[in-house]
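Here are the chains, one letter per residue:
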There are 2 protein chains.
Amino acid sequence: MPVQPSEIDELVDIIAEKVRGRLGRSLPVVQATGSGECHSDDNEDCASCGSCVVRRPWSVRAIEQAGASRVGAPSGIGKVDGDFAGMIDHTLLKPEAQREDIVRLCDEARAHHFASVCVNTTWVSLAKALLAGSGVMVCCVVGFPLGAMSPGAKAYEAREAVRHGAQEVDMVMNIGAMKSRDYETVFEDICRVVKASAPAGVKVILETSSLTDEEKIIGCTLSKLAGAAFVKTSTGFAKGGATVEDVALMRRVVGSELGVKASGGVRTTEDAVRMREAGANRIGASASIEIATGKSTGKSTGY
Amino acid sequence: MPVQPSEIDELVDIIAEKVRGRLGRSLPVVQATGSGECHSDDNEDCASCGSCVVRRPWSVRAIEQAGASRVGAPSGIGKVDGDFAGMIDHTLLKPEAQREDIVRLCDEARAHHFASVCVNTTWVSLAKALLAGSGVMVCCVVGFPLGAMSPGAKAYEAREAVRHGAQEVDMVMNIGAMKSRDYETVFEDICRVVKASAPAGVKVILETSSLTDEEKIIGCTLSKLAGAAFVKTSTGFAKGGATVEDVALMRRVVGSELGVKASGGVRTTEDAVRMREAGANRIGASASIEIATGKSTGKSTGY
């Protein structure tokens, strides 16, 4: 039976307490680094880069709610949330993607002011070069799409990608360890990638279609404790993608401190609206132009 | 139109010459290390471990063809080729596989004398501990299943896995680089994993269902030049698996110097017979017990 909303807060407390007991230590042990290159949460001397309107829109919304009526952003920062473009990680992860596909992906992201392009690590250097000066971030996936890579290798892949120019890192949670109730491995795995990726923010892909509601809650809780910037629903390579129910559950568990990225099967503006209403503040999609413009392009690059 | 057998040798020569030209160097630049822990190809002082009957059955067959009527093997080495058990990498790669599934996989491999268990790198240490003294190797996958991980990260994953006990490494070729005709990246990617994996042998997964016949030939040629021990058809996560035609093509290109592993969709003894007849000397399967015994177990762990 699905978990009822009224039970979630209580469950999160119980699970967090249990996880703390299992891990046998005070948490969190890793400082959150925020998303992208913004470290304003950790750094009193915020560099006022002005990119928070597209990189940390949830922070900006919190400032709005606190009474701000105007938020600064430098010229060329791109469209801000309100339309969808600034929420979208323009994504191409299929293994047979060629150089020319990555070039087109980056051209589209630049033209439509998407938040980032999301690519496999073999393409990070190329994407970084193509997007220089565009304000579009390079996001990469690590341990993708199975999440069953050893923690050391996952952290290495993240560190190398950031060195090559990645500004956001989407890692797949160790699903097998979660299923084995080995929360220490799940937690350490995320901690190592978060640490290796700094200053880039980390999104933890839960692969929600493979998890029970309890496992989704534990995954969100561990991600938050480990200093991740986002939780994310799906790889797009498993049997299911993002659902409104999962996005709402994830938002409820992580609160306003982390981002929630809906990915997998988000193909139209209507899909994106439903995900945003459920609590998502980032969308992973390949049909990004269709979502942002509401017009069918008659093609999809595939996930 | 598929490549005709009569054209293959000529094509391989042309492609190898072109690839040499594109790479602009003398090849091979990396020494083959053989498969598993046997280095007899490189080492005149063969340690006479006796494991070649299960680890390098193709070498043993060559000795048979040269006139040998008996081949030594120590006690407990397991069943040799002739049945299928010694040809099978008993495989469990699905991300939701739990600790108890890996324990069962290793128990089955020990009981049936399979060549190896094939697991994701997060499980290498556990499998190594479980299989101590069994004669069953630990095989792991790297850059799996997309092959689109950066070459440095793929090599790191391989090196760490071998340090943790892996004796064979199945890497996925950089399919996107192949499709981009960037053979230098494809080649360097394999070279780095081969070097990082030594003394473990490397199998290069081509993902044949995603390639043209020309790309399959180039993939085999580059694998051979880079010092791989095997070429392998499929990850089991793409749209297609091993076919008789692909195995025959791969065997023809690599000759008798490398192994050929058929994987993806090999589920019955009949499938395995067809693959062996086409030239495969290793089978990757999850339905290994059914293949080895010819009896349905009524269950499959899934790939």
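Preceding this section is the structure that the text describes.
The rules behind each value
Residues numbered from 1 in each chain as written. Chains lettered and ligands numbered in written order. Predicted model: local features only at pLDDT ≥ 70, side-chain atom pairs only at ≥ 80, totals over all residues. Heavy atoms only, no water. Least-squares fit on C-alpha atoms with pLDDT ≥ 70 in both. Phe/Tyr/Trp six-rings, centres within 6.5 Å; stacked < 30°, edge-to-face > 60°. Helix = DSSP H or I, 4+ residues; strand = E, 2+ residues; numbered from the N terminus. Buried < 20%, exposed > 50% of the residue type's maximum accessible area, 1.4 Å probe, protein only. Lys NZ or Arg CZ within 6 Å of the ring centre and 35° of its normal. Contact = heavy atoms within 4.5 Å. Buried area = accessible area lost by both parts, 1.4 Å probe. Salt bridge = Lys/Arg side-chain N within 4 Å of Asp/Glu carboxyl O. Polar contact = N/O pair within 3.5 Å; in protein donor to acceptor, adjacent residues only side chain to side chain. Nonpolar A, V, L, I, M, F, W, Y, C, P; charged D, E, K, R; others polar. Pairing = 2+ DSSP bridges. Axes fitted to C-alpha atoms, helices over the stretch in contact; angles between N-to-C directions.

Our focus in this paragraph is the relation of the copies chain A and chain B. Turning chain A through 180 degrees and shifting it by 0.0 Å along the axis lays it on chain B, with an RMSD of 0.0 Å. Both copies are brought into coincidence by an operation consistent with a two-fold rotation axis.

This brings us to the packing of aromatic side chains. Inspection of the entire model under this criterion finds three aromatic pairs over all chains. Aromatic side chains Phe144(B) and Phe237(B) sit 5.4 Å apart centroid to centroid with 90 degrees between the ring planes, which places their arrangement in the edge-to-face category. Taken as a pair, Phe144(B) in the loop between strand E3 (137-142) and helix H6 (151-163) and Phe237(B) in the loop between strand E6 (230-232) and helix H10 (244-254) lie far apart in primary sequence, 93 residues in all. Overall, the relative accessible area of 8% leaves Phe144(B) in the buried class. Note that Lys203(A) overlies the ring of Phe230(A), its terminal NZ or CZ placed 5.6 Å from the centroid.

This paragraph deals with the interface of chain A and chain B. Buried accessible area, meaning the area lost when the parts come together, often serves as the stated size of an interface. On the side of chain B, 28 residues touch chain A, which itself brings 28 residues to the contact. Summed over both sides, the interface between chain A and chain B buries roughly 2,400 Å², with carbon and sulfur atoms accounting for 63% of that surface. Where chain A meets chain B, there are zero salt bridges. Seen at the junction of chain A and chain B, the total is 12 residue pairs in polar contact (both at pLDDT 80 or more). Those elements giving two or more residues to the side of chain A that touches chain B turn out to be helix H6 (151-163) and helix H7 (175-179) of chain A. Looking at the side of chain A that touches chain B element by element, the count peaks at six residues for H6(A). Grouping the amino acids of the side of chain A that touches chain B by side-chain chemistry returns 14 nonpolar, nine polar and five charged.

What follows concerns unusual backbone geometry. Between Ala198(A) and Pro199(A) the backbone carries a cis peptide bond, its omega angle lying at 10 degrees. By the secondary structure assignment, Pro199(A) is in the loop between helix H8 (183-197) and strand E5 (201-205). Here Phe144(B) and Pro145(B) are connected by a cis peptide whose omega angle stands at 0 degrees. Even without being a glycine, Arg181(A) presents a positive backbone phi close to 60 degrees.

Residue and element names in this part refer to chain B. Reading around the circumference, E1-E2-E3-E4-E5-E6-E7-E8 is the order of the eight strands in this closed barrel, with parallel pairing throughout. Across the sheet, the axes of successive neighbouring strands diverge by a mean angle of 25 degrees, strand direction being ignored. Summarising the sheet, strand E1 (residues 88-92) and strand E2 (residues 116-120) pair through four bridges and their orientation is parallel. The residue bridging Thr91 from the neighbouring strand is Cys118, located in E2.

Okay, the sheet that holds strand E7 (residues 259-263) of chain A next. All names here are of chain A. Strands sit in the order E1-E2-E3-E4-E5-E6-E7-E8 around a closed barrel of eight strands; the barrel is parallel. Across the sheet, the mean angle from the axis of one strand to that of its neighbour is 25 degrees, orientation sign disregarded. With five bridges joining them, strand E4 (residues 168-172) and E5 adopt parallel strand pairing. Counted as the bridge partner of Asp170 is Lys203 from E5.

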